[in-house]
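# What the coordinates show
Given next are the chains, with one letter for each unit.
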Amino acid sequence: MIRAAQLYPPASVPFIPFMMRINNLLSRVQAAFPVIAIHIKAIIITIRKGNYILATYLRRTTDNDLPEIGRIIESAKLLLKANGINQWQDGYPDETALQNDIRQQVSYVLIIDGQIAGTGVILNQVDPSYEEIEEGSWAGPEKSAYSSIHRTAMSPEFRGRHLSSLLMGYLISAAGLTGHADIRIDTHPDNQAMQRVIRNAGFDYRGIIYLNKPDGKRRAYQLLLP
C-alpha cells in the first residue's frame, strides 16, 4: 500500500544528477552525523517500485509476533551455518529466550509496510560478558551505565535491501531514548557482514569479550552518543 509522497524530483530535473547531489550531501552528513546518515540511507534504500516510501517504524514485540520472530531467528541460524559461522548453532536463541525478551519488554521489531522486517533486543542492565574486555578497553567512565544491542536478525523476505542498517539505526535511537549515551554490541569474529553493519552505524571496535559458552569469543564495539 502506498503511504507517502514520491521521492522523485520534478520531471524537469534529470534523475541521475539529482541522485548524485543526494549522494554528495549524504557523504557530508555521514562524516558529521553518522547515526542520522543511517536513517537517510535507509529511506533511500526502502524505495520500492514507483519510487514511493512505505511506512517504516520500530515498536516493541508482542506475544502475537512470537511465531514470526521465531521464523526469522531460525532463518538467520541457517544463513550463519551456510556461511560457515559458528554462531547461534547451539539452539540459542530458542523460543524460551524469545518469550523472556517479550515478557521483559526488551524485544523490538522493525515494521515496513505492515510486515515484520527485522528484530532486535535492547538491554539496559549490566551485561556480565562485558565486565572484562581483552586487547582493548571500553571508552568513557569505568562504571558508566549503558545499553547493549543483541539478537538482531532480518526477515529473509527483506534481505538484500541493506535494511540491517535501518534496523540498527532505529535500535540505537531507541537505546538513546532510555537516557544511555553509551551503546555496546558484540558479534562473532567470523561474522563479517554484521561487523560491517556495526561499523557503518558508527560503532568503534573496543576489544575482545567472552560469552559464558563454548566458542564464546566475540568482537566488542561501542558507540558514545553526543
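A brief look at the structure comes next. (Residues numbered from 1 in each chain as written. Predicted model: local features only at pLDDT ≥ 70, side-chain atom pairs only at ≥ 80, totals over all residues. Heavy atoms only, no water.)

In this chain, Tyr92 is followed by Pro93 through a cis amide linkage whose omega measures -5°. The phi dihedral of Glu135 falls on the positive side, at around 60°, and the residue is not glycine. Residue placement: Glu135 occurs in the loop between β3 (115-123) and β4 (147-154). Unlike most non-glycine residues, His162 shows phi in positive territory, near 60°. For His162, the position within the fold is in the loop between β4 and α5 (164-176). (Helix = DSSP H or I, 4+ residues; strand = E, 2+ residues; numbered from the N terminus.)

The tally for this structure, following the rule as stated, stands at one cavity of 30 Å³ or more. Approximately 50 Å³ is the volume found for the largest cavity. Lining the largest cavity are Leu66, Ile69, Ile73, Leu98, Asp101, Ile102, Ser107, Thr119, Val121 and Arg151. Elements with a contribution of two residues or more to the lining of the largest cavity: α3 (66-82), α4 (95-103) and β3. Here the residues of the lining of the largest cavity are counted per class, giving six nonpolar, two polar and two charged. (1 Å grid on protein atoms, 1.4 Å probe; cavity = no way out; pocket = protein on both sides within 12 Å on 5 of 7 lines; lining within 4 Å. Points joined across faces, edges and corners; volume = space filled by probe spheres on them. Nonpolar A, V, L, I, M, F, W, Y, C, P; charged D, E, K, R; others polar.)

Two elements in contact, α3 and α4, have axes whose closest approach is 10 Å; the angle formed by their N-to-C orientations is 130°. Here α3 lies oblique to α4, going by the angle between them. At the point where α3 passes α4, the crossing takes the right-handed sense. Of the residues in α4, those touching α3 at Leu66, Ile69, Gly70 and Ile73 are Glu95, Leu98, Gln99 and Ile102. (Axes fitted to C-alpha atoms, helices over the stretch in contact; angles between N-to-C directions. Parallel < 35°, antiparallel > 145°, perpendicular 65-115°, else oblique. Left-handed = near helix turned anticlockwise from the far one by under 90°. Contact = heavy atoms within 4.5 Å.)

A separate point is the pairing of strand β2 (residues 107-112). Of all six residues that make up β2, six are buried, and the element is covered over most of its length. For strand β1 (residues 56-60) and β2, the ladder comprises five bridges, and the chain directions are antiparallel. Bridged to Tyr57 within β2 is Ile111. Direction of pairing for β2 relative to β3: antiparallel, over a ladder of six bridges. (Buried < 20%, exposed > 50% of the residue type's maximum accessible area, 1.4 Å probe, protein only. Pairing = 2+ DSSP bridges.)

Okay, the nonpolar core next. Within the largest apolar cluster, 26 residues are counted, with the highest numbers of intra-cluster contacts made by Leu110, Ile149, Met168, Ile185 and Phe203. At the level of elements, β2, β3, β4, α5, β5 (182-187), α6 (192-200) and β7 (217-224) are the ones that each hand at least two residues to this core. If you tally residues by element for this core, the top one is α5, at seven residues. Setting aside residues no more than four positions away along its own chain, Met168 makes contact with Ile149, Ile185, Met194, Val197, Ala201 and Phe203. One finds Leu66, Ile73, Ala76 and Leu98 within the second-largest nonpolar core, a separate group that totals 14 residues. (Core = buried A, V, L, I, M, F, W, Y, C linked by side-chain atoms within 4.5 Å.)

Taking strand neighbours across the sheet as the criterion, the seven strands line up as β1-β2-β3-β4-β5-β7-β6 in an open arrangement whose pairing is mixed. Of all the strands in the sheet, the pair left with one neighbour each is β1 and β6 (204-210). Going across the sheet, the axis of each strand differs from the next one's by a mean of 30°, ignoring polarity. The sheet strands contacting α3 are β2, β3 and β4, and the helix crosses β3 at an angle near 85°.

This part is about a negative patch on the surface. A cluster of acidic residues, Glu131, Glu132, Glu134 and Glu135, forms a negative patch at the surface. With respect to the element layout, Glu131 can be found in the loop between β3 and β4. (Patch = residues over 30% accessible without salt bridge, like charges linked within 9 Å, V, L, I, M, F, W, Y side chains within 5 Å. Areas by Shrake-Rupley, 256 points an atom, 1.4 Å probe, with all protein chains shown as cover. Salt bridge = Lys/Arg side-chain N within 4 Å of Asp/Glu carboxyl O. Lys, Arg positive; Asp, Glu negative; His and termini not counted. Charge placed at Lys NZ, Arg CZ, Asp CG, Glu CD.)

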